[in-house]
Amino acid sequence: MADAYVRLLVAQVRSQTQYRLSFGLDLFFSTVLTSLDLVALWVLFAVNDSLGGFGGAEVLLMAGIAAASFPLADLAVGNVEKLRVYVRSGLFDALLLRPLSTLGQLVAMDFAPRRIGRVLQGTAIYVVALTVAPVQWSVPVVVLVVLAPLAGAVFFGAIFVAGATVAFWWIDSGEISNAFTYGGKDVAAYPMTVFGGLFRRLFAYGLGFAFVSYLPALAMLGRSDPLGTPDWLRWCSPLVSLFVAALAALFWRTGVRHYRSTGS
């Protein structure tokens, strides 16, 4: 069964790299987009010495974790956003007829290798952030440094899947989903202290976006959360990500059971 997914991925890579100039331009411009987040941070610190009580290197670490996490999730499962097209056109029926996971097929069939550039650039930003930020190195911190971007990728991947699943009930839900995926990426790149109380409680802590980069960064920096979050929660991003992924998987299965063929 794994061989079938590999064949789908290889077919997608071959088809998208067949026209090298077009693929090269897509890769270049998709990579440049990641740099815009750093430009925004540079503009902010050009007029401020700190942001939400954190210095430039500390905020860069938070942005670096988000920059490494989100592109990895986008590469792996970002194309699940096309589910609404499959549902609207009836193509999802074909996925149900094959003896393979519908989610696995959807991801493999629309795999976009041009996004690899964002993964590499995001990882480079994270590495640079680790070298300039005052990280309090220890064995637990080293483990967290490795796990944090992976946990963030799992978290964002779950948000991608959950957002796309809404299309089983509401086909035109794309913009709502984007608010939680791409909007969540922007939120995760900044200290939670810069956001208002209600937004912070609902979006950062209620939905868990604070666990992507803010709380792991605090653990790496050896700082307590100025908002009063218990210190032990700073280390919980892997567990939270797995929990969110389990909820997304359950939601996906519910959506597939709810799906009704268009008959076309």
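Criteria and thresholds
Residues numbered from 1 in each chain as written. Predicted model: local features only at pLDDT ≥ 70, side-chain atom pairs only at ≥ 80, totals over all residues. Heavy atoms only, no water. Helix = DSSP H or I, 4+ residues; strand = E, 2+ residues; numbered from the N terminus. Contact = heavy atoms within 4.5 Å. Core = buried A, V, L, I, M, F, W, Y, C linked by side-chain atoms within 4.5 Å. Buried < 20%, exposed > 50% of the residue type's maximum accessible area, 1.4 Å probe, protein only. Salt bridge = Lys/Arg side-chain N within 4 Å of Asp/Glu carboxyl O. Polar contact = N/O pair within 3.5 Å; in protein donor to acceptor, adjacent residues only side chain to side chain. Phe/Tyr/Trp six-rings, centres within 6.5 Å; stacked < 30°, edge-to-face > 60°. Expected span 1.5 Å × (residues − 1). Axes fitted to C-alpha atoms, helices over the stretch in contact; angles between N-to-C directions. Parallel < 35°, antiparallel > 145°, perpendicular 65-115°, else oblique. Left-handed = near helix turned anticlockwise from the far one by under 90°.

Enquirer: Any chance you could explain the overall build of the chain here in plain terms?
Expert: Along the backbone of the chain there are twelve helices and zero strands. For the chain, the N- to C-terminal ordering of α and β elements is α-α-α-α-α-α-α-α-α-α-α-α. Here the contacts in the chain between residues at least 6 apart in sequence split such that 76% fall between residues at least 24 apart.

Enquirer: Please clarify how the nonpolar core should be interpreted in this entry.
Expert: With 68 residues, the main nonpolar core has L61, L83, F92, Y126, Y214, M220 and W252 as its most contacted residues. Each residue touching Y126, except ones within four places of it in the same chain, is listed here: L61, G64, I65, A68, V145, A148, P149 and M220.

Enquirer: Would you explain the pattern of salt bridges in this entry?
Expert: For side chains bearing opposite charge, pairing can occur when the charged atoms are close. Tallied over the entire structure, the rule returns three salt bridges. Of the charged contacts, one joins D74 and R118 as a salt bridge, the two residues approaching to 3.2 Å between their closest N and O atoms. Residue D74 is located in helix α3 (residues 56-77), and its partner R118 is located in helix α7 (residues 116-132); the two are separated by 44 residues in the primary sequence. For the pair D74 and R118, one class covers both residues: buried.

Enquirer: Just to check I follow, could you spell out the side chain of T229 for this structure?
Expert: Relative to the elements of secondary structure, T229 occurs in the loop between α11 (214-221) and α12 (237-258). For T229, a relative accessible area of 13% translates into the label buried. A polar atom in the side chain of T229 sits 3.4 Å from the side chain of Y205. Contacts of T229, omitting those with residues within four sequence positions, involve Y205 and L215.

Enquirer: Mind showing me how you'd approach the packing of aromatic side chains here?
Expert: Two aromatic rings, taken as a pair, are described by how far apart their centres are and by the angle between their planes. For the structure shown, the criterion picks out 18 aromatic pairs. A centroid spacing of 5.1 Å and a plane angle of 85° characterise the contact between F70 and F156, whose relative ring orientation is edge-to-face. Of the two residues, F70 sits in helix α3 while F156 sits in helix α8 (residues 139-165), which places them 86 residues apart along the sequence. The residues F70 and F156 share a single accessibility class, namely buried. Ring geometry for F199 versus F203: centroids 5.2 Å apart, planes at 10°, classification stacked. One end of the pair, F199, and the other, F203, are both in helix α10 (residues 197-206), four residues apart, so they sit about a helical turn from each other. Exposure remark for F203: the relative accessible area of 12% places this residue in the buried category.

Enquirer: Can you walk me through the side chain of E58 in this structure?
Expert: Relative to the helices and strands, E58 is located in helix α3. For E58, a relative accessible area of 13% puts it in the buried group. Apart from the residues lying within four places of it in its own chain, the contact partners of E58 are P134, L221 and R223.

Enquirer: Looking at this structure, how should I read α7?
Expert: Within an α-helix, residues lying three or four positions from one another point in the same direction, as the helix has 3.6 residues per turn. Compared with an ideal rise of 1.5 Å per residue, which puts 17 residues at 24 Å, α7 spans 25 Å between its outermost C-alpha atoms and is within 8% of the ideal. For α7, the set of buried residues is G117, R118, V119, G122, I125, Y126, A129 and L130.

Enquirer: Honestly, the environment of R253 in this entry has me stumped. Any pointers?
Expert: Relative to the helices and strands, R253 resides in helix α12. Considering only alpha carbons, one finds R253 and L103, 150 residues apart in sequence, at a separation of 9.5 Å.

Enquirer: Any chance you could explain the packing of α3 against α11 here in plain terms?
Expert: When two helices pack together, their arrangement is captured by the angle between the axes and the distance separating the axes. At their nearest, the axes of α3 and α11 sit 9 Å apart, and the two run at 130° to each other. Taken together, α3 and α11 sit at an angle that is classed as oblique. Seen from above, α3 lies across α11 with right-handed handedness. Along the contact surface, α3 presents E58, L61, M62 and I65, while α11 presents Y214, P216, A217, M220 and L221.

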